[in-house]
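# Residue-level structure breakdown
Spelled out, the chains give:
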Amino acid sequence: MNALHELRTVRPASVDDATRALVEGGAQPLAGGTDLLPNLRRGIGTPRTLVDLTAVAALDTIAPLPDGSVRLGAATTLAALARDAAVCAGWPVLAKAAGLVAGPTHREAATLGGNLCQDTRCVFYNQSDWWRAGNGYCLKYRGDKCHVVVKSDRCYATYHGDVAPALIVLDARAEIAGPGGARTLPLAALFVEDGKARLTLAAGEWLTRIVVPPAAGWRADCAKARVRDAVDFALAGAAVALRRDGDRMAGLRVAITGTNSAPLAVPTGDVIGRPWDADAAQALAKAVQATGNVLATTVAPVKYRRRMLQALVRRLVDDLWKQP
Ligand SMILES: Cc1cc2nc3c(=O)[nH]c(=O)nc-3n(C[C@H](O)[C@H](O)[C@H](O)COP(=O)(O)OP(=O)(O)OC[C@H]3O[C@@H](n4cnc5c(N)ncnc54)[C@H](O)[C@@H]3O)c2cc1C
Ligand code: SF4
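Predicted model only: the values in this text are computed from it and were never measured. (Residues numbered from 1 in each chain as written. Chains lettered and ligands numbered in written order. Predicted model: local features only at pLDDT ≥ 70, side-chain atom pairs only at ≥ 80, totals over all residues. Heavy atoms only, no water.)

Turning next to the site of ligand 2. Neighbouring ligand 2 are Cys122, Phe124, Tyr125, Cys138, Leu139, Lys140, Cys146, His147, Val148, Cys155, Tyr156 and Ala157. Among the residues forming the shell around ligand 2, the class breakdown is ten nonpolar, one polar and one charged. (Near = heavy atom within 4 Å. Nonpolar A, V, L, I, M, F, W, Y, C, P; charged D, E, K, R; others polar.)

Here is the structure:
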């Protein structure tokens, strides 16, 4: 680990002050720091200013709304999300996903915003500076070639966040603040499938809140495959939300993580309106295969992660379909 480079930290108390601080060149958001600080200690990134968002007023709150939605501040910790009574009752898949992240002490500091906006990962990237220097760095940071997809002109580092797939299948929206004012977008549109660019946020923009609509009528669950059962990133992960109408699949949403450079929704149109049987399962498996792009960005074998992805999705849909 490197010593931290010279930088300053500011701690704004309002959304406007935070935006003003983030517009300045060389500024970067800081939340729990559990993703950002290890990377800075590896010499990845040299922000001049860290803008600590955890003191911004009312950004650590979980607020049920009159229409049955819930509004989650970006600075809400994952521990608070996992144990919140309203979230556990109305959106249990979200509480479960938050509880799957890292370990208990991480979750007391780690925030929802930081989890969603966490950097992508790769065995050639999450290494010390001397290790990366020995490989001539790579095009995600300081280098000009990719060691995973040689001759590629884009980075394939993988997104491993656990919470995004749950929020995508719950049809959540993201609220963004920035120098041009506030805007909202479907959560899935926050991400871009490029390991280096990662997010669709413009300069000075940042995530303030997430709004999750009521999930009545939907059954949802999530799962991840990992080497250890705690403090470990997903080698493959998935969330599923399903609406059953008698013997018909009335609605199905599937989102995946740990496989691509972004958390992605899997197209499920071929499965809607029919029973969940072997043919439907095969159609969904094809869609998962076409969406997932597992590459050698982790130490676990690619084939294993591809199979785990298929198995996780299949098991989640099977179990949710059978739920009374
Ligand atoms: C040992 C270990 C195990 C881990 N295991 C997991 C795991 O199993 N699953 C998992 O998902 N993650 C895991 N992580 C990664 C990380 O701990 C979590 O993703 C955590 O939720 C990050 O949140 P944070 O508040 O600490 O983010 P920070 O580290 O503060 O920030 C992360 C990134 O998001 C940006 N950011 C923060 N807040 C905002 C905002 N509001 N708007 C825009 N950008 C923002 C920061 O600039 C930074 O780039 C692990 C980390 C470690 C060290
Ligand atoms: S996928 Fe390629 S460019 Fe991206 S971090 Fe890994 S080696 Fe670097």
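Within the secondary structure, arginine 198 sits in the loop between strand E7 (183-186) and strand E8 (206-212). Accessibility expressed as a relative area gives 18% for arginine 198, which makes it buried. Beyond its immediate chain neighbours, meaning those up to four positions away, arginine 198 contacts Cys117, Gln118, Asp119, Thr120, Lys140, Leu190, Phe191 and Val192. (Helix = DSSP H or I, 4+ residues; strand = E, 2+ residues; numbered from the N terminus. Buried < 20%, exposed > 50% of the residue type's maximum accessible area, 1.4 Å probe, protein only. Contact = heavy atoms within 4.5 Å.)

What follows deals with the nonpolar core. Judged by nonpolar contacts, the single largest core of 69 residues is most densely connected at Leu94, Leu116, Leu167, Ile210, Val212 and Leu284. Discounting residues that sit within four places of it in the chain, isoleucine 210 has contacts with Val70, Arg71, Leu72, Leu112, Leu116, Leu167, Ala172, Arg173, Ala174 and Leu187. Ala18, Val56, Leu59 and Ala75 belong to the second largest nonpolar core, which has ten residues in total. (Core = buried A, V, L, I, M, F, W, Y, C linked by side-chain atoms within 4.5 Å.)

Attention now goes to the pattern of salt bridges. A complete count under the given rule lists 18 salt bridges for this structure. Arginine 20 is the partner of aspartate 17 in a salt bridge, and the nearest nitrogen-oxygen pair spans 2.7 Å. Placement of both aspartate 17 and arginine 20 in helix H1 (residues 15-23) is noted, with a separation of three residues, approximately one turn of the helix. Sharing partners across several salt bridges, the network here consists of Asp119, Lys140 and Arg198. (Salt bridge = Lys/Arg side-chain N within 4 Å of Asp/Glu carboxyl O.)

To continue, consider the pairing of strand E3 (residues 49-52). Of the two faces of E3, the one holding Thr49 and Val51 and the one holding Leu50 and Asp52 are both buried throughout. Alignment of strand E1 (residues 8-10) against E3, held across three bridges, turns out to be parallel. Note that in E3 the partner of arginine 8 across the bridge is threonine 49. Taken together, strand E2 (residues 27-30), helix H2 (residues 36-41) and E3 constitute a β-α-β crossover, and its handedness is right-handed. (Pairing = 2+ DSSP bridges. Right-handed = clockwise from strand over helix to strand, strands pointing away.)

Right, let's talk about the sheet that holds strand E9 (residues 219-225) for a bit. Pairing is antiparallel across the open sheet formed by four strands, whose spatial order is E9-E10-E11-E12. If you trace the sheet from one side to the other, it starts and ends with E9 and strand E12 (264-266), each paired once. On average, each strand axis in the sheet is tilted by 20° relative to the strand beside it, whichever way the strands run. Strand direction decides the pairing type here: strand E11 (residues 248-257) and E12, joined by three bridges, are antiparallel. Each residue of the ladder has a partner; that of isoleucine 256, found in E12, is leucine 264. Strands in contact with helix H10 (residues 278-291) are E11 and E12; relative to E12, the strand with the most contacts, it is inclined by about 155°. (Axes fitted to C-alpha atoms, helices over the stretch in contact; angles between N-to-C directions.)

One open sheet holds the five strands; their spatial order is E4-E5-E8-E6-E7, and the pairing between them is antiparallel. Each edge of the open sheet carries a strand with a single partner, namely strand E4 (62-64) and E7. Strand-to-strand, the axes of this sheet are offset by a mean angle of 25°, without reference to chain direction. Both E4 and strand E5 (residues 70-73) contribute to a ladder of three bridges, which runs antiparallel. The residue of E5 that forms the bridge with alanine 63 is arginine 71.

Here we come to the site of ligand 1. Near ligand 1 there are 33 residues, and of these Pro29, Gly33, Thr34, Leu36 and Asp162 occur at the shortest range. Within the backbone of leucine 36, one N or O atom sits 2.7 Å away from an oxygen atom of ligand 1. One nitrogen or oxygen atom from the side chain of glutamine 118 is found 2.9 Å from an oxygen atom belonging to ligand 1. Burial of ligand 1 by the surrounding chains reaches 92%, relative to a free accessible area of 980 Å². The set of elements that each furnish at least two residues to the shell around ligand 1 consists of E2, helix H7 (112-116) and E8. (Polar contact = N/O pair within 3.5 Å; in protein donor to acceptor, adjacent residues only side chain to side chain. Areas by Shrake-Rupley, 256 points an atom, 1.4 Å probe, with all protein chains shown as cover.)

What follows covers unusual backbone geometry. For arginine 142, which is not glycine, the phi dihedral falls at a positive 75°. Assignment of secondary structure puts arginine 142 in the loop between helix H8 (129-134) and helix H9 (163-169). Of note, lysine 151 is a non-glycine position whose phi angle comes to about 75°, a positive value. As for its placement among the helices and strands, lysine 151 is situated in the loop between H8 and H9.

We now examine the packing of aromatic side chains. Inspection of the entire model under this criterion finds two aromatic pairs. Seen from their ring centres, phenylalanine 124 and tryptophan 131 are 6.1 Å apart, and the 55° between their planes marks the pair as tilted. Residue classification places phenylalanine 124 among the partly exposed residues on the basis of a relative accessible area of 23%. Sitting over the ring of phenylalanine 233, arginine 121 keeps its end group 3.9 Å from the ring centre. Over the ring of tryptophan 218 we find arginine 243; its NZ or CZ atom is 5.0 Å from the centre of that ring. (Phe/Tyr/Trp six-rings, centres within 6.5 Å; stacked < 30°, edge-to-face > 60°. Lys NZ or Arg CZ within 6 Å of the ring centre and 35° of its normal.)

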